Amino acid sequence: MVYPHISTSADLLKSTVRLDQLFPYLKEQGAVSAAIVNTKLYGILPFWEECRRAGIHGVVGLSAFIEYEELHYPVVLYAQSNKGYSNLLKISSALSTREKESIPEQWLKAYREGLICVIPNKLEWLLTDRKPVFEYIKDLFGSAAFGSIDRPGGILSEQEPAFAEICENMELPIIATHESRYLFEQDAFAYEVASAIGQGQKINDPERQKPEHLFAYVPSRTEFESWFADHPEWLQRTADLLESCQVAIPMNRQLLPVFPLAQETDKAAFIAELCKTGLADRVPGFSKLYQDRLDYELSVIGTMGFIDYFLIVADFMKYARDQDIMTGPGRGSSASSLVAYSLKITDVDPLEHGLLFERFLNPERVTLPDIDIDFADHRRHEVVDYVAKKYGAVRTAQIITFGTLSAKAVARDTARVFGFEAEELEAISKMIPNRPGTTLRSALKESPALNAWIVEREERKSWFKTALKLEGLPRHASTHAAGVILSPTPLVEHVPIEKGNEGIFLTQWPMQELEAIGLLKMDFLGLRNLTILEQIRSLIYWDTKKRIDYRSIPLKDEKTYKLLASGDTTGVFQLESDGMRRALQQIKPTAFGDIVAVNALFRPGPMEFIPLYARRKHKQEAVKYVHPILEPILSETYGVIVYQEQIMHIAAKMAGFSLGEADLLRRAVSKKKREILDEERAHFVGGAKEKGFTEAEAGEVYDLIVRFADYGFPKSHAVAYSMISYQLSYMKAHYPVYFYTGLLANSAGNTEKTKQLLQEIKEKKIPLLPPSIQKSRHSFSVEEGQVRIGLNAIKGVPGTTVRALLAAREEGPFSSLFNIAERISALHFNRKSFEPLIKAGALDEFGHDRSVLLASLDSAIKHAELVKPTEDPGLFDDMGSSFMKPKYTKAADMPETLKLDYEKDVLGFYLSKHPIEREKESRQKIFHELKSLKTKGDRETVTVLGMVDDIKRIRTKKGDAMAFLTLMDETGPVSVTLFPVEYAKYNLLLEPQAILEIHGVVENRNQKTAIICKTIET
C-alpha cells in the first residue's frame, strides 16, 4: 500500500491531517511509502521523521502551478534524488519570495533536474486543445513526466477517458493517485469548516470555494485497490514511482556561519588577541587566574569550531555600542563565559561571580552554543538589519512560527463560519477562559454554563463537535519575536524561505526544524526595560548634560539597598510583584548577591526557601551544612542550594567529577528518572569514596543534589538579569524624577500603569506639571526637577497634530488660541484635536477659563480655515497675525466637578485633585487609604471612603441577592462584598460614581484583598 498525495495540517487550513493520528493509521494499513504534498514546504521534516520512526519510505512532494503561455496548470513535483530535493527547496523559495502563483519556464528549466513531474486529471489540462503544454512537460522532464488519475470514493470523472487518451498519445505513463486532506470520511465537514476559516467565509456563503468532493480522506488499502481494480498496473506504477524517490535529508550538520576575515588570518590567534585587549580594558592588570580561564575557554571554543560564532556576535555587539543602542548585560548561560565578557558580548565578570563556563559550553556534550542578546526594544531591528547587510540577505533570515487554533480562537472562528450572531460570539468568549493551556474539553468541564448553552440547540452541538476536531491546528504563520538564522552558504541550499518583514527573508520551517538540520539560531531580543534605562539616561543628559554609564555604577550603593529592602520597587525589572516586594522586605538585601538569590528563588518550588534564607541572613537561625565540604560552596546562599552551578561545584569537589561531567549529572538528575538516578548515584558515591568520603556521607549529599536539581536556577542568568534590576533600582534611588518620567513615557497607553506611577509620584512629593501647549514635549519630560505631562498623554489628540504643534513652537511661543490656528494649518486645527487639549488644561496659560476656550473653538477653526487652510504656503501667511483676528467668546466659568470629569476623560486620571481627596477634606475624618489595606491583618476593622467604579449584582445558591463593588479612592481600587443582609439595606445607594463611606472588615486571603461591608453612609 502506498500513499502518493497526503496533504498535512502544516499546509495552513488546507488539510486537517495530524501526524500523531496519521501514522498509527498508515502502519495499520501496512503502508510501504507515503508522500507529503503541501502547497509550501511546511511540515516536511516532522513528516520525514515520523516516516523514519514508522519504517515507512518517505517522499517529499510539492503541489504547484506551472506557467505556460500566460495560463496556470496544476502539477505535483516529487523529489527523486538529493538534487531534486535541493531544487524543490529553490522552487518553493522562489515562488514564496517573489510572491508568484506559478513556476515560469526559465525556473522550471533551471530546476527540473532530479524531479518527477506529475500531471493530474484536472479540468485545467482538458479545456480546448492542451497538446502543446503536455509536450512542454514531456520535453522538459522526459521519462520523469507522468499523468495521474484520481478516483475519489471510486467514482470515475467524466474527463477520465479523454485524459487517459491524451496521456497514451503523448506516451505519458499513468499512475493512480488520491489527494488526502483529512483522515477519515466523517472528517469531511470539519475540513470544510477549516477551509472556510482560511477563506474568511461563512459555510452558507455562495462565494465560498467548496471542496470538489467528500472523499478526500486517507483510504484504506482495500478501498484504494478496489477503486483501481480495473488498472492494477497504475497502482503498481505509483508504488514504483514513490520507491524511485531516494532522498536523504541531511540532519545534524554544523552549518555554522563564517566571520569575514582575510584568507591568511589565523582565527584562533585573532580572537585570542581581541580577548586579551578586551580583558585588559575590563580588568586592568588581570591576574594569572584570568589568563588561565581565558586560555581554557578559547581552547574549548576552538576545538568545538565556534570561533566564527563568537566573532560574529562580538561584531554586531560592537555595532550596537557604536550606535549607542542599549544592550543587556547578558542572558542565560552565556554570561558565564570570560571570552564573552572580554569581547564585550556580556557585562558579567564570571570569575567575580563564581560562574562556570561548562554550564554554557560543555566539552563533554557538544551542542550549539546559545548566545541570546537583549537590546532596547525600539532599536532591535537596527542590529538585525546590520547583520543582514553584513552577511548578505541570502544568508540571513528570521524564523517562522505557526499560530494554532487555541480553544477560544477555534470556538469563535468555527462559530463565525456557522454564522452565529454577535451576542453568541460574545457569550462564547465569556465562557471559555483565556488562560494558557485551556482546552475546549477543560473549559467544558469547568463551566456548567457552557455545557447548558451547547445542549440548548442542535447547531451548537454540531459547532462544538467541529471545533473539537479543529482545535490545535496551525492557523497562520508569523515571525519569531527574536530568532535570526545565519547560514554559511545561501539559505535555500538547506531550508525553504519566503518573503518576510522589513526586507529580511523568513524561513518556511520553525526553530526546532532549523536546529535539527544544524543551522545556528541567534536570539536578538527586544527588552523594554533597556529602553526605559536608555530613556532615563537621555532625560538626564538632555537636562544636565551628564552622561550616565550603567556599566560603572557601584554595586555597593547603600541608598539602593535601602530602597530594595523597603520593597519600593514599582518599575524595577523582575522585582515589581507584591510577592517579590514581600520577599525583598524579608531578606532586606545588603549586597548584590542577595538580589541574585531572590531573583533565582522567587519561583514556584524554591520560593519556600525565602523565609529560611532571610532568617539565616539575619542570624535568627544557624546555618547548617549536611557536610563541612559544602560550606565554601553554599555559604553565599546561607546553606540553601539556589543555583545549578552549586550542584556542579559539589559534584566536582566531593566526587571528583570534571565540571563537564558535573553538568551532565545536573541535567540527568533533574529528569527524575528512577534508573538514571540510581546510575548516577553509583557514579557519584564511587567518585566520593575514592576521595576518602564514606558511603553514608556521599549518599546524603547525593540525596541533597537530587532534591534541589529541580529548584536549581542558572546563576549566570540570575546575575545578568539582576544587573538590570540593580541599575533600575539605583536610578530610582538617585534620580527619582528622571526614573518616573522615563517609566511614564514608556507606559503611554497603559492607563492602569500610568495611574499607579502618578500615585507614587504624588506620595513622593514629586511635583507633576499639567500638559502645556508652550512647554510640554511629545512625551513626559523633566522640567526644573518636576515631571511635565507630554502632549501624547492626552487621549484623542492625533500624533500628527502633536508634531505640527511642536514644529510650529520651534519658531517661538504661541500667544493665543487664534495664534495657534494661524500657525499649524486647518488640517491639524480641528475640534477633534483641540477639544481634548483644552479639557486637559494644556491651553490654561492663555489666561482664559477652559469653558471660554471651548466656546471660542468654532471661530478659531474658521480662522484657521481662512488663514492657513493647508500646509502649503498661502496668500495670507505673512499677514496672518494682523488679519481679522476673532475675539474669545464669553462663557461662565467651568464648574470644578465638570473640569475633573473632563480631565479624567482625556488623561485617564484626575489631575487637579481627586474628588475623593476633596471629599475627605470636607468630611474632616480619618479614612484608611485603599492601597494600605493589603498590609492590614485579616478581619481587621476599617473605614474607607471611595467612589463606586463598578457593580456586579448576583444571586446566591439560595436565590438571595448580593453584590460585589469595585471602590476607588485616590490610591487605587478595592473589591467590596455586600452579603444579602447588607445588600437589602443599602442596595438603593449603589450607583456608579456614588461616593460612599463604608465600614467593614478586611479579608486578606491568597494574596487578594477585599472588604466585607458592614454599614454604609453617603
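These numbers were taken from a predicted model, which means no experiment stands behind them.

Focus on the environment of Ala591
- When you line up the elements, Ala591 lands in the loop between α23 (578-587) and α24 (592-601).
- When the C-alpha atoms of Ala591 and Lys556 are compared, they prove to be 6.6 Å apart, with 35 residues separating the residues in sequence.

A look at the packing of aromatic side chains
- Evaluated as defined, the whole model comprises 40 aromatic pairs.
- Their ring planes at 45 degrees and their centres at 5.9 Å tell us that Phe420 and Trp463 sit as a pair that is tilted. Placement of the pair is Phe420 in the loop between α15 (407-418) and α16 (422-431) and Trp463 in helix α19 (residues 458-470), with a sequence separation of 43 residues. Each member of the pair, Phe420 as well as Trp463, carries the same accessibility label: buried.
- In this structure an aromatic cluster arises from ring pairing among Phe189, Phe418, Phe420, Trp453, Trp463 and Phe464.
- Looking at Arg547, its charged tip hangs above the ring of Tyr541, at a distance of 5.6 Å from the centre.

Section: the nonpolar core
- The biggest cluster of nonpolar side chains holds 131 residues, and the ones touching the most others in it are Phe684, Met731, Ile820, Phe829, Leu837 and Leu843.
- A per-element tally of this core places helix α31 (residues 715-734) first, with 10 residues.
- Setting aside residues no more than four positions away along its own chain, Ile820 makes contact with Ile773, Leu805, Phe814, Phe829, Phe834, Leu843 and Phe846.
- Counting residues in each nonpolar core, the second largest holds 97 residues, with Ile66, Ala94, Phe224 and Ile399 among its members.

Some remarks on the packing of helix α36 (residues 831-839) against helix α37 (residues 850-867)
- Packing of α36 against α37 brings their axes to within 10 Å, and their N-to-C directions diverge by 160 degrees. Comparing their axes, α37 and α36 come out roughly antiparallel. The chirality of how α36 crosses α37 is right-handed. Here Arg831, Phe834, Glu835, Ile838 and Lys839 of α36 lie close against α37, whose contacting residues are Arg850, Leu853, Leu854, Leu857, Asp858 and Ile861.

A look at the environment of Asp549
- Looking at where Asp549 falls in the secondary structure, it is placed in the loop between α21 (528-544) and α22 (558-565).
- The class of Asp549 is partly exposed, set by a relative accessible area of 40%.
- When the C-alpha atoms of Asp549 and Arg537 are compared, they prove to be 8.5 Å apart, with 12 residues separating the residues in sequence.
- At 3.0 Å, the side chain of Asp549 and the backbone nitrogen of Arg551 are in polar contact.

Reading the values: the criteria
Residues numbered from 1 in each chain as written. Predicted model: local features only at pLDDT ≥ 70, side-chain atom pairs only at ≥ 80, totals over all residues. Heavy atoms only, no water. Helix = DSSP H or I, 4+ residues; strand = E, 2+ residues; numbered from the N terminus. Phe/Tyr/Trp six-rings, centres within 6.5 Å; stacked < 30°, edge-to-face > 60°. Buried < 20%, exposed > 50% of the residue type's maximum accessible area, 1.4 Å probe, protein only. Lys NZ or Arg CZ within 6 Å of the ring centre and 35° of its normal. Core = buried A, V, L, I, M, F, W, Y, C linked by side-chain atoms within 4.5 Å. Contact = heavy atoms within 4.5 Å. Axes fitted to C-alpha atoms, helices over the stretch in contact; angles between N-to-C directions. Parallel < 35°, antiparallel > 145°, perpendicular 65-115°, else oblique. Left-handed = near helix turned anticlockwise from the far one by under 90°. Polar contact = N/O pair within 3.5 Å; in protein donor to acceptor, adjacent residues only side chain to side chain.

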